[in-house]
Amino acid sequence: MGKKKSVVLMVLLTIVIVVLTALTVFPAFPIPGTVQKWNPVVLQYDLGADLGGGYYAYYYPEGVVSETEYNDNLAVLVGEEKTEYEESYVRVDGSTLYFSVDEKLGVTDGEALTQEFKDEFNAAAKEIAARFEAKGYSDYRVAVVEGYALRVELPASEPSDKASAAFSLLANTGELTLTKGGEKIDPADYVDGEAEISDLIANVSIGSRYSTSYLKIEWTRAGKAMIDEVKGSLSASTEANGGDSSSLTTLDVQVGDELLAQICSDNIMDNGEVRVNPVDGYNADYLKTFEILIDSALQTGGFDVTFTADSVRRFEPVYGANVLTLLYIALAIVLVAVLVLPAVKMGRFGVVSAYSSLSYLIVVAMCFAFITSGTLEITLGSVLIFLVGLVLLNVVQYSIYNAIKAEFNLGKTVESSVKGGYKKKLWGVIDLYAVLLLGSLAMLIGTAGVHTLALQALIVVVTCAFINLLWARAINFTYLSASKNKYKYFRFVREDDDDE
Amino acid sequence: MNKLFAKMKNVTLLSVIMAIVLALSIVITAIFGVNYAATVSNQNTLTVTMNRFVYDNRLDDVKAVCEKEFEKLSVQYTYNGKMNGDECELVYVFDQTTKLDDVKASLKQAVANKAAENGEWEFIEVATASEVLQTSIPVAYVVRAAVAVAVFAVLAFIYVALRYRLYMGVTTAIAVLLSGIMTAAIILLARIPVTSSAMYAVVISSVLAAIFTVLTMNKIRSNVEELPAEEKVYSSVATKEIAVLTATLGVSLVLIGAIATWPLRWFAVCSLVSLLVAALIGLVFVPAAYLPLKKAEDKSAGRGKSGYIGAESKTENKSEA
């Protein structure tokens, strides 16, 4: 490559890298004359609970109120009403909660909690915790508050609409029912002897076709008989008047009062399988919540205790609101060190490493921010894998430099040393990244945070491999071509310089 | 020092040391349980509920009153959190053993005193609660992570065995597994507060061990010098690369630990443990474990070469005789 061409390429490359680095890390500021704010890529992450906080909600069983709510209610009442309210609740078992004495609710017998309520609450709390676990959040928390209420926390990486859906649906302890035109379908009509809904529904899962996901319901033999019987009387979804599905005759899948799916005749395949609630990829998460809820209700048959969720609230990161700022400061120091040290140690080849580090920062930061919103949440594991990639990239560059130096020490010219050094290291670097790629793929088996970490590790490994094997080599080729003194470029010294 | 290095070359001794650490961590964990961090433990909370106006304008004053009462009664909270929605809350989280009845009464009185001076304080409620977690870290998450590490070990074995040599593959797989296991063991043994982030450190430890082992195996393979097995293996350990990687990552983690808040500090400590375990395995265990395997491999390869001279040569020898 000619020197002029190399210099032009160098300048262009520098401009592109500087601009992209600014897009990635330049601190936020309000744009003058507008109400908008400049936000760099690193401030657009879906942060996990440890870095970004999250949402939480309290759930109280029917007939149980918190101390705060009790006091608030009491404060607005006077006279007889106040006395009546006071007498309608008791505090038991040293709990700060207030329990209704209403016999219909079955929470207390007037003085103590009933055994049925205790057993039902404990079973329901366990099941609700299992549902949130099945959602695979990287960080979540289900705690029993004062023995008989629940507090659930979800990470901020979950979009608020999806978090709200999870909060409202996953604590639904109602029974799973099938209704047609408002009439409940009785499983006993299709099975001999005592029957439950699980005698009709065999399995619920999420299917996908092209970019659309749907809820797939498979039936038992009795369930197939039921679906064959009702299919003829169901409307087709195309019959909806102006999109109003309430005018249709559908087979409704409900948990408690929550309508989860409306099955029309065209949702039923020839083999009886039902494909319903088609959504695009982004909304597949809702289907996962439906699937978990239906599956859980199918297994447990529902609970007698019902929960009321109070409003969903937002909490700041438990490690402090400034944790992210502090982390960015630490990472900035590491980045500066990684940019400066190679240049000190390896001369202008170190500058190539610095460009490689910046390229890595840009690519990884952008991929972490923009690939599949809601999947790539940033946890502390992401920070660690980012650091491992950044350092590994530079260590491989350093080992390539040493290989070039070893070739040079054999008496070869600089150009031939560079060629020889890269050639010697090629398969070693490929092997290293191949093993890491296999590792990242294996980690996909993990759930929740480990699964996300695996996706991020894939991005890191592919980026590092690309940079070490191709990108850095191309930058080095361009810079070396423009260099006047190739010895100085690598900080090489040879006593018999005249030979060159 | 030389004696120490000589001992470090003994794979049996290293295995015994690791087995002891593992056994100790199992015993300690069985007796005392896992030392979960405050965020994933049972806890007692003191919640101060206020309306949006007070939250936006008087939060610092409310905090000051609360913390003064805590100081007066000598109780220490683990961390606090701020929550907002229709109603806003300031939550102080205490250890499960901290009794909060007196604190609550005292704080209620302090809030009532303030309310007498300023009406805004009338809308502040103080409540306490105990929170018992249903699960700290779901077992399914841990099991799936362990399966992932095991599958990684198998895949690393297959790749390295195919690309390099069978015993190199075996050593890589052992290094990957051991690194994860030993990191978990040391975290549990040292009673480092565990959060779900500790799982990342364990998983990444296996990844680091794979990096270090492959770097060394690559050097052994490309070392064409005719040397005795021991010299060849030990002179090929990727000491420089492992040292640079460990030092740079280590300094970064120390920096993060030094700058950031305490839970991040514990994460940095877990990560540092995982890094050091992987480095020790790469520098000490891998060559020590590979050496006897290589000797056995060389011996069987040598036996194959010298024992068979070919049918034709045998006939020729006979006829010559």
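Quick caveat: nothing in here was measured; it's all calculated off a predicted structure. (Residues numbered from 1 in each chain as written. Chains lettered and ligands numbered in written order. Predicted model: local features only at pLDDT ≥ 70, side-chain atom pairs only at ≥ 80, totals over all residues.)

Undergrad: Please clarify how the overall build of chain A should be interpreted in this entry.
TA: Across its full length, chain A holds 14 helices and 17 strands. Its C-alpha atoms put chain A at 105 × 60 × 45 Å along the principal axes. Taking all 500 residues of chain A together, 43% fall into the buried category. Residue pairs at least 24 apart in sequence account for 66% of intrachain contacts in chain A once pairs closer than 6 positions are excluded. (Helix = DSSP H or I, 4+ residues; strand = E, 2+ residues; numbered from the N terminus. Buried ≥ 20, exposed ≤ 12 C-beta atoms within 10 Å, placed from the backbone. Contact = placed C-beta atoms within 7 Å.)

Undergrad: Is there a simple way to explain the domain arrangement of chain B in this structure?
TA: Interface size is commonly expressed as the accessible surface area that is lost when the partners come together. Each domain of chain B was delimited in the assignment, giving domain 1 (2–35 + 136–298) and domain 2 (42–131). If you average the C-alpha positions of domain 1 of chain B and of domain 2 of chain B, the two centres end up 46 Å apart. (Domains from an automatic or database assignment.)

Undergrad: Explain the domain arrangement of chain A to me, please; I cannot follow it from the model alone.
TA: Residue and element names in this part refer to chain A. Domain parsing of chain A yields domain 1 (3–46 + 321–499) and domain 2 (54–315). Between the C-alpha centres of domain 1 and domain 2 there is a distance of 49 Å. Between domain 1 and domain 2, the contact holds 8 residues from the first and 8 residues from the second. A per-class count over the side of domain 1 that touches domain 2 returns 1 nonpolar, 5 polar and 2 charged. (Nonpolar A, V, L, I, M, F, W, Y, C, P; charged D, E, K, R; others polar.)

Undergrad: Teacher, can you tell me more about the nonpolar core here?
TA: Nonpolar side chains in soluble globular proteins generally cluster together in the buried interior. Counting residues in hydrophobic clusters, the biggest one holds 238 residues, and the most contacted among them are Leu 150 of chain A together with Ala 156 and Val 203 of chain B. Of all the elements, helix 11 (residues 380–409) of chain A adds the most residues to this core, at 19 residues. Residue contacts for Ala 156 of chain B: discarding those within four places in its chain leaves Val 435, Leu 438 and Gly 439 of chain A together with Thr 172, Ala 173, Val 176 and Ala 210 of chain B. (Core = buried A, V, L, I, M, F, W, Y, C linked by C-beta atoms within 7 Å.)

Undergrad: Mind showing me how you'd approach the environment of Ala 332 of chain A here?
TA: Residues and elements named next belong to chain A. For Ala 332, the location among the structural elements is in helix 9 (residues 323–346). By C-beta crowding, Ala 332 is classed as exposed, having 11 other C-beta atoms within 10 Å. Between the C-alpha atoms of Ala 332 and Leu 287, which are 45 residues apart in sequence, the distance is 40 Å.

Undergrad: Hey, could you run me through the environment of Ser 252 of chain B in this one?
TA: Mapping Ser 252 of chain B onto the fold places it in helix 9 (residues 239–259). Sequence separation between Ser 252 of chain B and Ala 140 of chain B is 112 residues, and the spatial gap between their C-alpha atoms is 31 Å. In this structure Ser 252 of chain B touches Val 334 and Leu 387 of chain A, once residues within four positions along its chain are discounted.

Undergrad: Help me understand the interface of chain A and chain B in this model?
TA: Contact with chain A, which involves 65 residues of that partner, is made by 61 residues of chain B. At the level of elements, helix 3 (67–75), helix 5 (115–134), strand 7 (141–145), strand 17 (313–315), helix 9, helix 11, helix 12 (414–443) and helix 13 (448–482) of chain A are the ones that each hand at least two residues to the side of chain A that touches chain B. Among the elements that make up the side of chain A that touches chain B, the one with the highest residue count is helix 11 of chain A (11 residues). Its residues assigned to classes, the side of chain A that touches chain B comprises 38 nonpolar, 15 polar and 12 charged. Pairing geometry for strand 7 of chain A and strand 4 (residues 125–133) of chain B, over 3 bridges, is antiparallel. In the sheet register, Val 145 of chain A faces strand 4 of chain B, and the bridge partner there is Glu 131 of chain B. (Pairing = 2+ DSSP bridges.)

Undergrad: What am I meant to see in the packing of helix 11 of chain A against helix 9 of chain B here?
TA: The axes of two packed helices give the description: the angle between them and the distance between them. Orientation of helix 11 of chain A relative to helix 9 of chain B, taken along the N-to-C sense of each, is 145°, at an axis distance of 10 Å. Here helix 11 of chain A runs over helix 9 of chain B; the crossing is right-handed. Facing helix 11 of chain A, whose interface residues are Leu 387, Val 388, Val 391, Leu 392, Val 395, Tyr 398 and Ser 399 of chain A, helix 9 of chain B presents Glu 241, Val 244, Leu 245, Thr 248, Leu 249 and Ser 252 of chain B. Taken together, the residues of the contact of helix 11 of chain A with helix 9 of chain B break down into 9 nonpolar, 3 polar and 1 charged. (Axes fitted to C-alpha atoms, helices over the stretch in contact; angles between N-to-C directions. Left-handed = near helix turned anticlockwise from the far one by under 90°.)

Undergrad: What is the right way to read helix 11 of chain A from this model?
TA: Note: α-helices contain 3.6 residues per turn, so residues at a spacing of three or four share the same orientation. All names here are of chain A. Taking 1.5 Å of rise per residue, the 30 residues of helix 11 would be expected to cover 44 Å, and the 43 Å separating its terminal C-alpha atoms lies within 8% of that figure. For helix 11, a buried count of 26 out of 30 residues is recorded, marking the element as mostly surrounded by other parts of the structure. Looking one or two residues past helix 11, Gly 411 carries a phi angle of roughly 100°, positive in sign. (Expected span 1.5 Å × (residues − 1).)

Undergrad: Looking at this model, I keep getting lost on the environment of Thr 171 of chain B. Mind explaining?
TA: All names here are of chain B. Examined against the element boundaries, Thr 171 turns out to sit in helix 6 (residues 166–189). Sequence-wise, Thr 171 and Ala 288 are 117 residues apart; in three dimensions their C-alpha atoms are separated by 9.8 Å. If we ignore the near neighbours within four places in the chain, the residues touching Thr 171 are Thr 213, Val 286, Ala 289, Tyr 290 and Leu 293.

Undergrad: Which parts of the structure should I look at to understand the packing of helix 5 (residues 139–163) of chain B against helix 6 of chain B?
TA: All names here are of chain B. Contact geometry of helix 5 with helix 6 gives a least axis separation of 7 Å together with a crossing angle of 160°. Here helix 6 runs roughly antiparallel to helix 5, going by the angle between their axes. Where helix 5 crosses over helix 6, the two elements pack in a sense that is right-handed. Contacts from Val 149, Ala 150, Phe 152, Ala 153, Val 154, Ala 156, Phe 157, Ile 158, Val 160 and Ala 161 of helix 5 reach helix 6 at Leu 166, Met 168, Gly 169, Val 170, Thr 172, Ala 173, Val 176, Leu 177 and Gly 180. Here the contact of helix 5 with helix 6 is composed, by residue class, of 16 nonpolar, 3 polar and no charged. (Parallel < 35°, antiparallel > 145°, perpendicular 65-115°, else oblique.)

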